[in-house]
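# Coordinates in review
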Amino acid sequence: MSISGAGGMKPGRWTWHLALLAAAALLVLWLFRADTTHLVDIWWTSTTYGHCLFIGPVVGWLVWQRRAELSQLTPTAWWPGLILVAGGGFLWLLGDAATVSLIRQLGLVATLEGLVVTLLGPMVARGLLFPLGYAWFLVPFGAELEKPLQQITVSIVMPLLDWTGIPASADGVLIHAGRYWFEVAEACSGSKFVLAMVAFATLVANLCFRSPWRRAVFMIVSLIVPVIANGIRAWGTIFAADKTSIEVAGGFDHIVFGWVFFALVMAAVLAIGWRYFDRSPDDPAFDPARLQAMPGRRIDPLLAAMLAVAITAIFPSWSGFAANRAAWLPTRLVLPQVPGWTMVPTQSIWRPDYPGADAVLQQAYRDAEGHQVDLAVAVFSRQREGGKLGAFGTGVIHGADRWLRVADLGRVAGGDTMRIMATGPDGQSQNRDVATWYRIGDTLTPDMRRVKIETMKARLLGQRQMAVAVHVASEGDDPRAIEAFVRALGPVDLFADHLTGQR
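Residues numbered from 1 in each chain as written. Predicted model: local features only at pLDDT ≥ 70, side-chain atom pairs only at ≥ 80, totals over all residues. Heavy atoms only, no water.

### Brief notes about the environment of V434
To keep things clear, this is the line we draw: Helical segments are the DSSP runs of H or I of at least four residues, strand segments are the runs of E of at least two, and each set is numbered from the N terminus. Any pair of residues with heavy atoms lying within 4.5 Å of one another is described as a contacting pair.
By secondary structure assignment, the location of V434 is in strand β9 (residues 429-440). Separated by 61 residues in the primary sequence, V434 and V373 have C-alpha atoms spaced 9.5 Å apart. When near neighbours in sequence (up to four residues on either side) are disregarded, V434 contacts W350, V396, D416, T417, M418, I420, H471, V472 and A473.

Here's what the structure looks like:
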């Protein structure tokens, strides 16, 4: 493989360096094959991250667009690039230790980009600066935008419903408008549209603008327009349902959002920025004359490739060693009798979902005043991909559940509490308040971010990796039942440790 262009290059130099880069990259992808497969699966199956499928071809096109300028540079193996390779591997290890896929995937991309700097040198890497930066869009990020975008969508929809004379009320992400209830679910938040627009706008800003101010304004417009447009789309769906039926509106929403809406908004954003474009996409991406200086700290390219792969292999090897340090669990786990509360058969249709847990227990309790709660516990002897706290679509509410999260209630008895709602078999709605605690090693916390940090520390340092999720659920509008039960249960950390035989 060689790159040809306007300027000459030493015979075989580019071919040799690119061959080593390709071989090293393939070995790195093999070392991180689970993450590579997971990434491709997300791109292929997730509607939110379907745009990531186009990032690789776009990066390839951006590199090809620079072929004439790159041909005037001489690739040079540069040993400080190995520091970037090690940094990417360590970032991957942190993500693996914390069981956070996003950080692992960022580490994988960082490692590959470290290979580029190591085997092609800093001058070539500077010429490829935007393609390398744009490659970060390969990582499916932005899930945390869904909740705020849901609230923004509701805040846009409600005034529009009032303006069009449709009586409506909102309860969190649930809207009762006319004859129907509507949920502004994650899929309706517009996050997938916003993320795709950010990737598209970043490309346009680089190709069509020179002025940093114009680029910044274009990016801001590219964020605001799709958010507003998504709110209008959600209102249009409710309006159509009110005037026709929920079935007709659902079909209309799918067709418009899936096939027409995205194209129309992209066209609108381009139309807004068109008159302000101050650069042709075919203009040279960089000036090769400014990047001709030969860097010091050079190294033999074959040795650099071998060292880069060897350094990368250290991190999955350590991860494999640490992951096998599972905690001991009793043969049988039994929920305790709680003073002042009697065990009763549970009648709740709510169940937490923790696939891959070593044990999931649930028991209903009732006190003398008639208050009833459900105590649910999930136990992991260790956390891993496919079996961990905080995995997407698991926990209090799982992916295909009938339960909907309608409000966050803050802390109740020290636990992070949410209100959920579902329609029961009899057609009546049910509300549940669910308080949650997590026991990780010697730490008790209701905060999932702290869970990730403590899990990472345990994995990196070879400490005890026991993880326990504790949920106490009551009928909605009765948080005192949770507080009374937790007082009778005693400290949640001691309860979790006694249950799992750690004390």
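### Topic: the packing of aromatic side chains
Heads up, the condition is: Working definition: a ring pair exists when centres of Phe, Tyr or Trp rings (six-membered ring for Trp) sit within 6.5 Å. Plane angles under 30 degrees give stacked, over 60 give edge-to-face, the rest tilted. Think of it in three bands: with a 1.4 Å probe and only protein chains considered, a residue is buried below 20% of the maximum accessible area for its type, exposed above 50%, and partly exposed in between. For a ring to carry a charge above it, either NZ of a lysine or CZ of an arginine must fall within 6 Å of the ring centroid while also lying within 35 degrees of the normal to the ring plane.
On inspection of all chains with the given rule, the structure shows 11 aromatic pairs. Here F137 and F141 contribute two aromatic rings whose centre-to-centre distance is 6.0 Å and whose plane-to-plane angle is 35°, an arrangement assigned as tilted. On the basis of an interplanar angle of 50° and a centroid distance of 5.0 Å, the ring pair of Y365 and F485 is categorised as tilted. Note that Y365 is positioned in strand β5 (residues 359-367) and F485 in helix α15 (residues 479-489), a separation of 120 residues in sequence. For Y365, a relative accessible area of 0% puts it in the buried group. Aromatic ring contacts, followed pair by pair, group F130, Y134, F137 and F141 into a single cluster. In this structure, R33 packs its charged tip against the face of W30, placed 4.3 Å from the ring centre.

### Digging into the packing of helix α5 (residues 81-97) against helix α6 (residues 101-120)
Heads up, the rule is: Working convention: axes come from line fits to C-alpha atoms, limited for helices to the stretch in contact. Angles between N-to-C directions cover 0 to 180 degrees. Orientation categories follow fixed angle ranges, with anything under 35 degrees roughly parallel, anything over 145 roughly antiparallel, 65 to 115 roughly perpendicular, and all other angles oblique. Charged residues are taken to be Asp, Glu, Lys and Arg, nonpolar residues to be Ala, Val, Leu, Ile, Met, Phe, Trp, Tyr, Cys and Pro, and polar residues to be all remaining types, Gly included.
Between α5 and α6, whose axes approach to 7 Å, the crossing angle comes to 170°. Here α5 lies roughly antiparallel to α6, going by the angle between them. Residue-level contacts link G81, L82, L84, V85, G88, G89, L91, W92, L94, G95 and D96 of α5 to I103, R104, L106, G107, A110, T111, G114, L115, V117 and T118 of α6. Taken together, the residues of the contact of α5 with α6 break down into 11 nonpolar, eight polar and two charged.

### Concerning the side chain of S474
Along the polypeptide, S474 turns up in strand β11 (residues 467-475). Residue S474 is classed as buried on the basis of its relative accessible area of 0%. Apart from residues no more than four positions distant in its own chain, S474 is found in contact with Q372, V373, N431, R432, D433, A481 and I482.

### Observations regarding the confidence of the model for the protein
Note the following rule: Every residue is assigned a pLDDT by the predictor, reflecting its confidence on a scale from 0 to 100.
In the predicted model, the protein carries a mean pLDDT of 84, and 87% of its residues have values of at least 70. In the model, residues 1-12 has pLDDT below 50 throughout and makes 18 contacts with residues more than four positions away in sequence or in other chains.

### A look at the pairing of β9
This is how it is decided: Two strands qualify as a pair provided DSSP detects at least 2 bridges between them.
For β9, a buried count of nine out of 12 residues is recorded, marking the element as mostly surrounded by other parts of the structure. Of the strand pairs in this sheet, β9 and β11 are connected by nine bridges, and their pairing is antiparallel. Residue pairing for β11: R432 is matched across the bridge by E475. Pairing geometry for β9 and strand β10 (residues 443-445), over three bridges, is antiparallel. Note that in β10 the partner of R439 across the bridge is L444. Taking the residues that link successive antiparallel strands as the turn, the β9-β10 hairpin has two residues, and the phi of G441 there is positive, at about 60°.

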